[in-house]
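Each chain is listed here by its residues.
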Amino acid sequence: MCAKRIGTAGACRRPAAPRALGVVIAVAAAGALLAGCADEDSGVADGATKSSAAGSPAPRAPSSPSAPASPSAPASPGGGLTEDQAERRALVPQAKVTYEQALTAAIAAVPATEPVSAELEGAPGGGAAWETEVATADGTAHTVRVDAATGKADPPRAEPDQDAEDKRELAGRLGRSTVTAQQAVRTASARQRGTVSSVELGGFGNGTLSWAVDIVTQDNWNKTTYDIGATDGKILRKHVDRD
């Protein structure tokens, strides 16, 4: 406040200069404070960003759903057995009648014949049966089915497709064979334990006359085939069927 109301107006306002200066200083300080806060906030934000980039693991890309596992192959019939092995396991235990008994029944059904073959098969109505073949001296063949459980023989059936040449060939085989089916089976069975499921007179390799004897082992249901010479009784070949 002016002590005297004389002089210029500027003289009266002189004391306000320090107040204006104080205002300017205060404004400047406030601006500096705000700038510092802004820098601090920016530094905090930058620091947080850097900390996040350095310390936090990179976000994982969303994983695609895993493909469903492919279904496993269906188990073989019979608990790990092949189809043929499973068939043997189902068939062989049903055979209460041996191949020899089946051939005897067939020869009784067709007198004056000799055995040519016997094979264990599934019967049309279920169960097991021996499909046997016997022939007369002139080579005329007859098929006789024998029940593998009871030994009962069905009526014999003549081979419808057998012609004169077929008869001569079969008659020649029977005439040249000096080893019987029973002898061939004994030779094979001496080397392989199991159940005889087939025996058949036929040709082997280069035309050598032989008996083919199949023996099934019940521990693994494999089939072993022995080719036995029909004129000398020697083992010509051994083959194991693991299928």
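Just above sits the structure.
Cut-offs applied
Residues numbered from 1 in each chain as written. Predicted model: local features only at pLDDT ≥ 70, side-chain atom pairs only at ≥ 80, totals over all residues. Heavy atoms only, no water. Helix = DSSP H or I, 4+ residues; strand = E, 2+ residues; numbered from the N terminus. Buried < 20%, exposed > 50% of the residue type's maximum accessible area, 1.4 Å probe, protein only. Contact = heavy atoms within 4.5 Å. Areas by Shrake-Rupley, 256 points an atom, 1.4 Å probe, with all protein chains shown as cover. Pairing = 2+ DSSP bridges.

Along the chain, the regular secondary structure elements total six helices and eight strands. Listed N to C, the secondary structure of the chain is α-α-α-α-β-β-β-β-α-α-β-β-β-β in terms of helices and strands. Every one of the 243 residues in the chain was classed for burial, and the buried ones make up 29%. Counted over contacts in the chain with a minimum sequence separation of 6, partners at least 24 positions apart contribute 47%. As displayed, the chain offers around 15500 Å² of accessible surface, 55% of which is attributable to carbon and sulfur atoms.

Across three bridges, strand S1 (residues 114-122) lies against strand S5 (residues 195-204) in antiparallel orientation. In the strand pairing of S5, Ser117 is matched with Glu200. In this structure, S5 lies alongside strand S6 (residues 208-216), joined through nine bridges in antiparallel fashion. Residue pairing for S6: Leu201 is matched across the bridge by Trp211.

This part covers unusual backbone geometry. Most peptide bonds adopt trans geometry, and most residues besides glycine take a negative phi value. Positive phi is not limited to glycine here, since Ala112 has a value of about 60°. Considering the arrangement of structural elements, one finds Ala112 in the loop between helix H4 (99-109) and S1. A positive phi is found at Trp221, a non-glycine position, where the angle reads about 60°. Among the structural elements, Trp221 can be located in the loop between S6 and strand S7 (223-229). For Trp221, a relative accessible area of 10% translates into the label buried.

Everything listed here is a matter of coordinates, which is why it stays silent on function.
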